[in-house]
Amino acid sequence: MMDVRIFKSAQEAAQAGANLIEEVVLGKDQPILGLATGSTPIPMYQALIQKYEAGTLSFKNVRTFNLDEYIGLDGAHDQSYRYFMNTQLFDHLDIDHANTHVPSGIGADHAADAKAYDEAIEAAGGTDIQVLGIGNNGHIGFNEPAEVFIKGTHIVDLTDSTIDANTRFFASRDEVPRQAITMGMGAIMSARKVLLLAFGPAKAQAIRDTLCGDIDPRVPASILQLHPNVVVLLDEDAASLL
Ligand code: GLP
């Protein structure tokens, strides 16, 4: 079921998202969070940091699995997703960094890394809540529009539209990595709850296609229509075509 909630501002939506994550963290001895990067979840991560600083929420027993990473960037690179997670969230919490997992984009054997990543998620019992942003083309993690949905963690060639969208974070388009390693649809769909966030007018079409269109691997997020427990948090701009 898709529980779609529309807010006046991204800030209010982010607060609602943080409250849902708080519920999960408080509700389990060893909560497993699936986390995402991108600009969209930043205000929600800030709201979580505030809860930690207020002393109402601890991440001591939390384990995390991130969706994706660029191929070729190590964790010290300021555009790597490992760096993003450390600086935007983990460094500000009482989480044990050893319990935070981001796929490696620099291993010698990407296929082996991908397999090990899925095994680690499975061994943890899957995620209790998976946070997702969405690409302008409907991608989730780095599951780009394709002819089929891919189940496992895998290496993907980024589309021109994604490279264009992410150029803003790099010195030039040439510096944007061409490949990524991403969790596949299997791990995303086995999350016990999915939290999809989208803000701003650039996401309106992707949100419409995701929620109201056919389930089609050319709109990767549309697979979420088959998930039993999805909460979609939107601002009015992202919801404007619904
Ligand atoms: C990237 C990430 C996605 C993210 C998307 C949207 O390509 N791999 O996980 O959802 O961009 O990013 P933003 O939230 O900055 O719009």
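Our subject is the structure listed above.
Source: prediction; values computed, not measured.

Colleague: What exactly am I supposed to notice about the overall build of the protein chain here?
Modeller: When you go through the protein chain residue by residue, the secondary structure sums to seven helices and ten strands. Its C-alpha atoms give the protein chain a radius of gyration of 17 Å, within 12% of the compact-globule value 18 Å for 242 residues. Taken along its principal axes, the extent of the C-alpha atoms in the protein chain is 45 × 45 × 35 Å. Scored against the burial criterion, the 242 residues of the protein chain give a buried share of 54%.

Colleague: Explain the side chain of Asn143 here, please?
Modeller: Its place among the elements puts Asn143 in the loop between strand S6 (129-132) and strand S7 (154-157). On the basis of relative accessible area, Asn143 is assigned to the buried category, the value being 4%. Within the structure, the side chain of Asn143 is placed 2.8 Å from the backbone oxygen of Met183, a separation counted as a polar contact. Beyond its immediate stretch of four places on either side in the chain, Asn143 contacts Ile150, His154, Thr182, Met183, Gly184, Met185, Ile188 and Pro220.

Colleague: So what exactly am I meant to see when it comes to the environment of Val62 here?
Modeller: By the secondary structure assignment, Val62 is in the loop between helix H2 (42-53) and strand S3 (63-66). Val62 sits 51 residues away from Asp113 along the chain, and the two C-alpha atoms are 22 Å apart. If near-sequence neighbours (up to four positions away) are discounted, Val62 is found in contact with Val25, Pro31, Leu33, Ile95 and Asn99.

Colleague: Is there a simple way to explain the sheet that holds strand S5 (residues 100-101) in this structure?
Modeller: By way of backbone hydrogen bonds, the strands of a sheet pair with one another, either parallel or antiparallel. Spatially, seven strands are ordered S1-S10-S9-S6-S2-S3-S5 in an open sheet, and the strand pairing comes out parallel. Edge strands, defined here as strands with exactly one partner in the open sheet, are strand S1 (2-7) and S5. Bridging between strand S9 (residues 194-198) and strand S10 (residues 230-235) involves five bridges; their strand directions are parallel. Its bridge partner being in S10, Ala198 is matched across the sheet by Leu234. Sheet strands in contact with helix H1 (residues 10-27) are S1, strand S2 (32-35), S6, S9 and S10, and its direction is about 155° off that of S10.

Colleague: I would appreciate a short explanation of the site of the ligand in the present structure.
Modeller: The local shell around the ligand holds 13 residues, among which Ser39, Thr40, Asp68, Phe142 and Lys203 are the closest. A distance of 2.6 Å is found between an oxygen atom of the ligand and a side-chain nitrogen or oxygen belonging to Ser39. Between the ligand and Arg168, the relevant distance is 3.2 Å, taken from an oxygen atom to a side-chain nitrogen or oxygen of the residue. Expressed as a share of its isolated accessible area of 390 Å², the protein-covered part of the ligand is 94%.

Colleague: Teacher, can you tell me more about the environment of Pro228 here?
Modeller: With respect to the element layout, Pro228 can be found in the loop between helix H7 (204-212) and S10. Separated by 227 residues in sequence, Pro228 and Met1 have C-alpha atoms that sit 4.9 Å apart.

About the criteria used
- Residues numbered from 1 in each chain as written.
- Predicted model: local features only at pLDDT ≥ 70, side-chain atom pairs only at ≥ 80, totals over all residues.
- Heavy atoms only, no water.
- Helix = DSSP H or I, 4+ residues; strand = E, 2+ residues; numbered from the N terminus.
- Rg over C-alpha atoms; globule rule 2.2 N^0.38 Å.
- Buried < 20%, exposed > 50% of the residue type's maximum accessible area, 1.4 Å probe, protein only.
- Polar contact = N/O pair within 3.5 Å; in protein donor to acceptor, adjacent residues only side chain to side chain.
- Contact = heavy atoms within 4.5 Å.
- Pairing = 2+ DSSP bridges.
- Axes fitted to C-alpha atoms, helices over the stretch in contact; angles between N-to-C directions.
- Near = heavy atom within 4 Å.
- Areas by Shrake-Rupley, 256 points an atom, 1.4 Å probe, with all protein chains shown as cover.

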